[in-house]
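So the chains spell out like this:
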Amino acid sequence: MLKPALQSIHLYPVKSIAGSGPGEAVVEPWGLAGDRRWLLVDAERRQITQRQQPTLALAHAEELPGGGLRLTAPGKEPLTVEVPEYTGTLPVEVWRDVVEAVPAGTAAAEWFSAYLGVECRLMYLDLPEKRRPVDPEYSAPGDTVSFADGFPLLLTTTSSLDALNSLIAQGDHADEGPLPMNRFRPNVVVDGTAPWAEDDWRRVRIGEVVFQVVKPCSRCVVTTTDQLTAERGKEPLRTLARHRRFGDRLVFGQNLIPRGVGTIRVGDPFEILD
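Residues numbered from 1 in each chain as written. Predicted model: local features only at pLDDT ≥ 70, side-chain atom pairs only at ≥ 80, totals over all residues. Heavy atoms only, no water.

Looking at the overall build of the protein chain
Next up, step 1: Scanning the protein chain from N- to C-terminus turns up four helices and 18 strands.
Next up, step 2: Relative to its length of 274 residues, the protein chain is compact, with a C-alpha radius of gyration of 18 Å against a globular reference of 19 Å.
Next up, step 3: When its C-alpha atoms are laid out on the principal axes, the protein chain stretches across 50 × 40 × 35 Å.
Next up, step 4: For the protein chain, the residues scored as buried account for 51% of the 274 residues in total.
Next up, step 5: In the protein chain, of all internal contacts separated by at least 6 residues, the share reaching a separation of at least 24 is 70%.
Next up, step 6: Carbon and sulfur atoms make up 51% of the accessible area of the protein chain, which amounts to about 12200 Å² in all.
Next up, step 7: Within the protein chain, the 37 negative side-chain charges are centred at a point lying 3 Å from the centre of the 30 positive side-chain charges. (Helix = DSSP H or I, 4+ residues; strand = E, 2+ residues; numbered from the N terminus. Rg over C-alpha atoms; globule rule 2.2 N^0.38 Å. Buried < 20%, exposed > 50% of the residue type's maximum accessible area, 1.4 Å probe, protein only. Contact = heavy atoms within 4.5 Å. Areas by Shrake-Rupley, 256 points an atom, 1.4 Å probe, with all protein chains shown as cover. Lys, Arg positive; Asp, Glu negative; His and termini not counted. Charge placed at Lys NZ, Arg CZ, Asp CG, Glu CD.)

And the structure:
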């Protein structure tokens, strides 16, 4: 088996739309720099994700120097969005959390509203370290997170995806497989470990940065959404329900909290500490 190493890094500047795969990324206490600092919300300022709008998978956000965005989507002219000036915040709802965020301009709201066919606004998290605490059941006092679902980073492994795809190939919807890793929208993907070994990890190191492994990642309908077509199927949820059910959760991947800061790079060694 290969020595464990970081195979890829993934950043999603806007929650639930396509992002990028840089060769390196800065780890901040609340996640990778630039990851999920922007959020779409509806008229009631509740989060909009691929759960409600699968065509978000086809939109793409490229982070620009200074933190702004270049947005692209099918049938839309590209739009550049600058980091909004701070003129006060508005409360937005992310799951059960109410988070203070800064609204982007009307151009971004009109662009996304026209694309999705529903009224929405783009919001920016200006100070993630002061805005959203991590679930205290799984974290230390002072731990914070951006607009990610619940934790600063998500880790997956290539061996577990291979094992899952083998199970899918034996099931009723084998024609849907094999699935690519982008169905699971990880931040870091590790190669060279045994399938499902991540279930037992408690602390790991990627390059120079140590992470606490806090909680398996519960999977939802987004994983059934083809990220290139926005079409939905049955997998991987059908197979996860048979083989990776932890209580009432269907699990793939592990949530991480950084216990240090630094830069991680593709190819960095990966070490299991506990």
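Okay, back to it.
Some remarks on the sheet that holds strand 17 (residues 262-265)
Next up, step 1: What the three strands build is an open sheet, ordered 3-2-17; its pairing is antiparallel. The two strands at the open ends of the sheet, each matched to only one other strand, are strand 3 (31-32) and strand 17.
Next up, step 2: As paired strands, strand 2 (residues 24-28) and strand 17 are joined by four bridges and run antiparallel to one another. Residue pairing in the sheet places V26 in a bridge with T263 of strand 17. (Pairing = 2+ DSSP bridges.)

A word on the pairing of strand 14 (residues 209-218)
Next up, step 1: Counted residue by residue, strand 14 has eight buried out of ten residues, so it is predominantly covered.
Next up, step 2: Looking at chain direction, strand 13 (residues 203-206) and strand 14 are connected through four bridges and run antiparallel. Across the sheet, residue V204 finds its bridge partner in strand 14, namely F211.
Next up, step 3: The turn joining strand 13 and strand 14, which pair antiparallel and follow one another in sequence, is formed by two residues; a positive phi near 60° is taken by G207.
Next up, step 4: Pairing analysis gives six bridges linking strand 14 to strand 16 (residues 249-258), with the strands arranged antiparallel.

Take it as geometry only, folks, not as evidence of what the structure does.
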